[in-house]
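Observations on the three-dimensional arrangement
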Amino acid sequence: MTTSISNDQRQQILFQQISIYLNQGWEVQSQTEFSVILVKKPKPVNHILHLLLSIFTGIWLFVWLYLAMFSSSKSMTKMINVSETGSVISN
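Residues numbered from 1 in each chain as written. Predicted model: local features only at pLDDT ≥ 70, side-chain atom pairs only at ≥ 80, totals over all residues. Heavy atoms only, no water.

A few points about the packing of helix H2 (residues 47-57) against helix H3 (residues 60-70)
One way to put it is that H2 packs onto H3 with a least axis distance of 8 Å and a crossing angle of 155°. Relative to H3, H2 is oriented roughly antiparallel. When H2 is examined against H3, the residues His47, His50, Leu51, Leu53, Ser54 and Thr57 are found in contact with a partner set consisting of Trp60, Leu61, Trp64, Leu67 and Ala68. Among the residues making up the contact of H2 with H3, the classes are represented as seven nonpolar, four polar and no charged. (Axes fitted to C-alpha atoms, helices over the stretch in contact; angles between N-to-C directions. Helix = DSSP H or I, 4+ residues; strand = E, 2+ residues; numbered from the N terminus. Parallel < 35°, antiparallel > 145°, perpendicular 65-115°, else oblique. Contact = heavy atoms within 4.5 Å. Nonpolar A, V, L, I, M, F, W, Y, C, P; charged D, E, K, R; others polar.)

As structure tokens, this is what we get:
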């Protein structure tokens with residue numbers, strides 16, 4: 001048998017989850033009473049740094065090219081819901 005928790009408890013669980021993700025670099029995109037959508041933007045490639053490293057080492061050019069071509073430019077999105085029983089559902 002599952003028991004429901006109060007709305008205040010559900011909100012407290014949600015705020016705890018939001019806090020965890022904010023500490024990991026996520027940002028709140030939108031929020032309702034018992035759910036939140038978080039987004040994490042990728043870190044851009046520091047081209048100035050890689051240019052200097054390529055000039056001084058030569059071999060770093062291959063690392064720079066790899067990062068420029070294959071580093072993710074898409075934001076990650078995560079949705080978190082807190083159910084009536086207090087279960088955290090995320091995708």
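Back to the text.
Topic: the sheet that holds strand E3 (residues 76-82)
Strand order across the open sheet formed by four strands is E1-E2-E3-E4, with antiparallel pairing between neighbours. Among the strands making up the open sheet, the edge pair consists of strand E1 (27-31) and strand E4 (88-90). Each neighbouring strand pair of the sheet contributes to a mean axis angle of 25°, computed without reference to strand direction. With six bridges connecting them, strand E2 (residues 35-40) and E3 associate as antiparallel partners. From the neighbouring strand, leucine 38 faces E3, where its bridge partner is lysine 78. Lying on the sheet, helix H1 (residues 7-23) is in contact with E1, E2, E3 and E4; it crosses E3 at an angle near 160°. (Pairing = 2+ DSSP bridges.)

Read these as spatial facts, not as claims about activity.
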